[in-house]
Amino acid sequence: MVGLKLFRTDTTKSGMTEVTPRLAEAEADVQGLVEAHMETLLGVRFLASEYGTGPVHGGRIDSLGLDENGSPVIVEYKRGTDAGVINQGLFYLAWLMDHRAEFEHLVRDRLGVTAASQVLWSGPRLICIAGDFTRYDVHAVREHRRSIDLVRYRLFGSDLFGLEAVASVSGGMQVARRVRRQAVAQAAADVEGASMAELASAVDEALLGLGDGVSRVERKQYRAYQRLRNFACLCPPQRSKVLVYLKVDPKDVDLVPGFTRDVSGLGHHGTGDLEVQLRTGLDPES
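Residues numbered from 1 in each chain as written. Predicted model: local features only at pLDDT ≥ 70, side-chain atom pairs only at ≥ 80, totals over all residues. Heavy atoms only, no water.

Within an unreviewed UniProt entry, the label attached to the protein reads DUF5655 domain-containing protein, and the organism entered is Streptomyces glycanivorans.

Undergrad: How should I be thinking about the confidence of the model for the protein in this particular structure?
TA: Atomic detail in the predicted coordinates should be set aside for any region of low pLDDT. For the protein, per-residue confidence averages 87 on the pLDDT scale, and residues scoring 70 or more make up 88% of the total. Ignoring residues within four places in sequence, the model shows residues 172-180, a span with pLDDT below 50, making eight contacts including any to other chains. (pLDDT = per-residue confidence, 0-100. Contact = heavy atoms within 4.5 Å.)

Undergrad: Mind showing me how you'd approach the pattern of salt bridges here?
TA: Between side chains of opposite charge, pairing is possible as soon as their charged atoms come close. For the coordinates displayed, the defined rule picks out 15 salt bridges. Ionic pairing is found between aspartate 149 and arginine 125, a salt bridge with its closest N-O pair at 3.0 Å. Taken together, the residues span a long stretch of sequence, with aspartate 149 in strand E8 (residues 147-156) and arginine 125 in strand E7 (residues 125-130) at a distance of 24 residues. The class for aspartate 149 is buried, based on a relative accessible area of 5%. (Salt bridge = Lys/Arg side-chain N within 4 Å of Asp/Glu carboxyl O. Helix = DSSP H or I, 4+ residues; strand = E, 2+ residues; numbered from the N terminus. Buried < 20%, exposed > 50% of the residue type's maximum accessible area, 1.4 Å probe, protein only.)

Undergrad: What am I meant to see in helix H7 (residues 135-143) here?
TA: Within H7 the residues assigned to the buried category are Asp137, Val138 and Val141. Down the axis of H7, the buried set is contained in an arc of 100 degrees. They therefore lie on one face. In H7, the exposed residues that point more than 90 degrees away from the buried face are Arg135, Tyr136, His139 and Glu143. (Arc of directions from axis to C-beta.)

Take a look at the structure:
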C-alpha cells in the first residue's frame, strides 16, 4: 500500500485528483474505526476493548475478538511504526492462553453458549495493525510459531480506509495439520476411494497456491483458507464429490446445476454463500 496511488475521477472536468494517503492523528482513531467494523474488515466478531489483564499481569489488550473459525483474536494497534507492537501482542497472547476459562466466559456473555463451546484454542491469532512495519518485524513473524498477521493501514481523504496484509503466518499448526490431513485422506481412501482424496488434496494445493499470505485453519468439519479473513472452506470428501464454500455473492455468478449452488441462509459447515461441487480432477481449474 505504501506504493499504491489512489486517484479520484473528476467527471465534470475529465481529470483526476490524487487522494493523498495519511496516518491517523491518534492510535485511538484507528482502534475505534476497526472495532466499529471489525467483522467487515477482519472477519472477526468484536468482544471487548481495552480489556484489563488483572493487577498481576498489569496490561490492557487493545481489542479482543473471535474469528470466523472460532479462533481467539487479539488486535493491537499503533499509529505509526513501533518495534514493540509484536512483542506486546505476544505478551498478551501468552496471558490469553493461561486464561482460557475467562475468555470463554466473555464469549458466552457476548456471543452465546454455542460460540463459547466452539472456541478453537489450537489457533489463537495476533493481528497487529500499524502505519508500517520494519523488515525486522516481517522476519520475526516468519520465524515465530504463533499465528500472527501484520496489517498496514492508511486513510485516504475523509472517507476511505485501506488495509494491506504485510505478513501473515499461521504458526503452531503444522503437526495438527499433518495428522488431520493424513486422517482425512485415510478415511477418504477407505470409504470413498482414493480419487476423492486426491481431488481434495488438489483443491487444498490450489487454494494454498493463490499467493503469499494464505493460511489454512483446521476444524473438525472443514478447512478454512484465509487472508486475514476466510475466502474459502473445504469440507472432507464425500462418496462422489468434494464441497468447497466460497465467500462470493451467488448473485454475481451464473449458477450451473450440479456444480454451483446458492446456499445463502442454508446451514452448512464452514463459511461462504456459494457452494462448489467438485467431482473430477479437472474441476479445481474451472
